[in-house]
Every structure is written in structure tokens, then in C-alpha cells.
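Examining the three-dimensional arrangement
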Amino acid sequence: IASDIKAVRIDGFGRRVNLSGDLHALFSLVKEIRKFKPHVIHTHTAKAGFLGRIASILSLHGSIRVHTFHGHLLNGYFGTLKRSLVILAEKLLAVTTHQLLAVGDKVRKDLLTAGVGNPMKFGLMPPGLEIGPLLNKKDALATYSLSRQTLHCAYIGRVTKIKRPDRFLDVARELKERGVGIEFFMAGDGDLLEYCKERIAREDLPVKILGWQNNIELVLSAADFVVLTSDNEGTPLSLIQAGMAGLPVVTTRVGSVPEVVLDGTTGIVTSLSVLDIADALEKLAKSDDLRARMGVAAKEFTLANFGVMRLVNDHEMLYKKLIASRAKS
């Protein structure tokens, strides 16, 4: 956190749609824009992008508008009508946005196919992350009361429908039936957490619920590899963090995952099939050498391509380019 930068918290700004809160947030944003008079307004995510860009227009201040899509809501979130309304809103906002960015090429192609923006306006801006020092594995396992006698696979992220925790539990059941020595843990929270707890108890699955975790380094220190079972993703940050921690991953081939995980090199990318995911995890579990080689490759690849300083430099260059282009026009 940059302690030398003053941040203004906007009341009412939340993930869920709330008419009164959202209207309050919108007019608060307009007020702050008129007061601050920014050269560039850069929004992120769907709802914040919608409110932020509308506020920029209503403020009548001539800021350069930039929006980053970290994923999209085109698949797996809404029915046909709501999906059409989301696409229409994004199309209209794209016209008034000077620069569109996507964190992955698959996300960009999906949005362009849906008619959002145009290739000349749509750039790529992969995420940039850093993680702190990892903890001693023995201490990390002890913190979560996990066994030191077996391998541990982590599910990291929201426990909600699009992430398919039900598929994850199907995989855990399949590997238990095969007698593969893997224990799983879930680090995350969401509306399907109670469903997961009930099913784990009923089926006696080798899965431990950790709940929401703020210390990602501790979570990664306890894992031997990471699994992602989603139906849809943008550019999954949890897999970048896993790579930076030197952990191989098994993941479904969705969204921009193949841009983060090099299949056969830093992890294994599979279909949505439970059996395919289970096969990949079993392959990793049975080869210490494979896990080690993939872990080394994952760390090298993610640090080189998704480091935070690369992201800072990319943003600085983009803002300077946009401001210089406006000054010439």
C-alpha cells in the first residue's frame, strides 16, 4: 500500500447491485472528479468501470478514460436477457472510452467478438503481482493443522458457481477412490461454502476448509500444488501467485489460463472433465521430479512476465502516450 498517496473511500461502492448505494457512489465520484480534475481516469472491473466512466462523463471534465477488463461477464453469470444488456452497456461505454485494456488475449478476443470496442482501441495489460517471502513448510502445515505425511493440493479463490467447487469435490472424491495420497484444502469464501462443508462431511472427502485467508504466502507455503476447476476465468491471479511461489498447477482450459500456465511446462491444462483433472493431479502426485521441474519453470515464467514493476512501467508508458497524443490533437 502506498502510504504517501491519499485515497478517498466512496461510500456505497460494493460488488453487488444496490440502487441507493450505487447512485450515492455515482454522484460522489462526480464530485471527486470535479474537485481533483484528473488527467486520466482508469477504471477496473465491471461495476466500477460502469460507474466510474459514467461519472467521468457526467463530471464534464475532459479526462482521458481508460478501462481494464480483468475478465468478462459474457459466459456463466447471467441469462440471455441480462447478458444482452451487459453487452449493450459495454458497447456504449466503449465508444466513450479512449483506451480499452484486457489482462489476457482470450478476454480481449471474446469482447471483440461480442462487439465491444475495436482492435485499434483494445490493448493488452497483463497483471503484475508480487508475493512476500514464503514460510517454512513445516510451520505452514502446523498453522493449518495439516499432516506432514502427505501431499497437499490447494483450491484458492471464491467458492461460487462459476469456480465450480462441485467439480473440485468430484475430483477429490475420484482421487480418494483411486487411493491417491493427496489431501486438499480450500482457501476462500462464497455462497457455496456451506454446500461444500456438508458434502465433505457426508462423503468423508479428504478436504479441509480454511475459509477466507488474508496471508496468501502462508497458504502457498502449505501447498505442494494448486488446482483450478473453473468454467470461466479472466487471468487468474491465484495461478500467477502459485507460479511465483514455485508451485505447479492443474487447471481447466478456460479464459486466459493458457497465457498464465504453460501446459506441460509450468503445469497441466486440462478439459473440464473430472477424470482429466484427476489424471493430471495423480500424475503430479506420483512424480517428485515433475513437480520440482514444473515449479522451477513456473517461478521463472511468472516472475518474468507478471512482475509488479513490469506493470508499473507499462502503465506509465501508456499514460504518457495517451496524454502526448491528446496534446497533439
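Structure report, in brief. (Residues numbered from 1 in each chain as written. Predicted model: local features only at pLDDT ≥ 70, side-chain atom pairs only at ≥ 80, totals over all residues. Heavy atoms only, no water.)

**A few points about the sheet that holds strand β1 (residues 40-44)**
The pairing of strands in a sheet happens through backbone hydrogen bonds and is either parallel or antiparallel. The strand order β1-β2-β3-β4 describes an open sheet built from four strands, whose pairing is parallel. Because the sheet does not close on itself, it has two edges, and the strands there are β1 and β4 (122-124). On average, each strand axis in the sheet is inclined to that of its neighbour by 25 degrees, with strand direction left out of account. The pairing of strand β3 (residues 99-102) with β4 spans three bridges and is parallel. Paired with A102 across the bridge in β4 is L124. Here helix α4 (residues 105-113) sits on the sheet in contact with β2 (64-69), β3 and β4, set at roughly 165 degrees to β4. (Pairing = 2+ DSSP bridges. Helix = DSSP H or I, 4+ residues; strand = E, 2+ residues; numbered from the N terminus. Axes fitted to C-alpha atoms, helices over the stretch in contact; angles between N-to-C directions. Contact = heavy atoms within 4.5 Å.)

**Thoughts on empty space enclosed by the protein**
This model, assessed by the stated rule, comprises one cavity of 30 Å³ or more. Lining the largest cavity are L239, G243, L247, V249, V260, V261, T266, A298 and T302. Of all the secondary-structure elements, those providing two or more residues to the lining of the largest cavity are α9 (237-244) and α12 (288-305). (1 Å grid on protein atoms, 1.4 Å probe; cavity = no way out; pocket = protein on both sides within 12 Å on 5 of 7 lines; lining within 4 Å. Points joined across faces, edges and corners; volume = space filled by probe spheres on them.)

**Describing the packing of helix α11 (residues 274-285) against α12**
Between α11 and α12, the least distance of the axes is 6 Å, while the angle of their chain directions is 100 degrees. The angle between the axes of α11 and α12 places the two elements in the roughly perpendicular class. Contacts between α11 and α12 involve K283, L284 and A285 from the first element and L290, R291 and M294 from the second. (Parallel < 35°, antiparallel > 145°, perpendicular 65-115°, else oblique.)

**Remarks on the sheet that holds strand β6 (residues 182-187)**
With parallel pairing, the six strands of this open sheet are ordered in space as β7-β6-β5-β8-β9-β10. Looking at the sheet topology across the chains shown, the edges are occupied by β7 (207-209) and β10 (267-270). Neighbour-to-neighbour, the strand axes of the sheet open up by a mean angle of 20 degrees, direction not taken into account. Bridge count for strand β5 (residues 151-156) against β6 is six bridges, and the pairing is parallel. Across the sheet, the residue bridging to C153 is F184, located in β6. Where α9 meets the sheet, its contacts fall on β5, β8 (225-228) and β9 (249-252), and the angle it forms with β8 comes to roughly 165 degrees. On top of the sheet, α11 reaches β5, β6, β8, β9 and β10; it is set at about 165 degrees to β10, its chief contact.

**Quick word on the layout of surface pockets**
In this structure, the second largest pocket spans a volume of roughly 1100 Å³. Along its surface, the second largest pocket is lined by 25 residues, and V8, L29, I41, H42 and T43 are the ones closest to its centre. Secondary-structure elements contributing two or more residues to the lining of the second largest pocket are α1 (19-36), β1 and α2 (46-59). It is β1 that contributes the most residues to the lining of the second largest pocket, five residues altogether. Classifying every residue of the lining of the second largest pocket gives 13 nonpolar, eight polar and four charged. (Nonpolar A, V, L, I, M, F, W, Y, C, P; charged D, E, K, R; others polar.)

**Topic: the nonpolar core**
Within the largest apolar cluster, 32 residues are counted, with the highest numbers of intra-cluster contacts made by F185, L220, V226 and L239. The set of elements that each furnish at least two residues to this core consists of α5 (137-143), β5, β6, α8 (216-222), β8, α9 and α10 (257-260). Setting aside residues up to four positions removed in sequence, L220 forms contacts with I131, L134, I156, V226, Q241, A242, A245 and L247. In this structure, C153, L175, F225 and L290 belong to the second largest nonpolar core, which totals 30 residues. (Core = buried A, V, L, I, M, F, W, Y, C linked by side-chain atoms within 4.5 Å. Buried < 20%, exposed > 50% of the residue type's maximum accessible area, 1.4 Å probe, protein only.)

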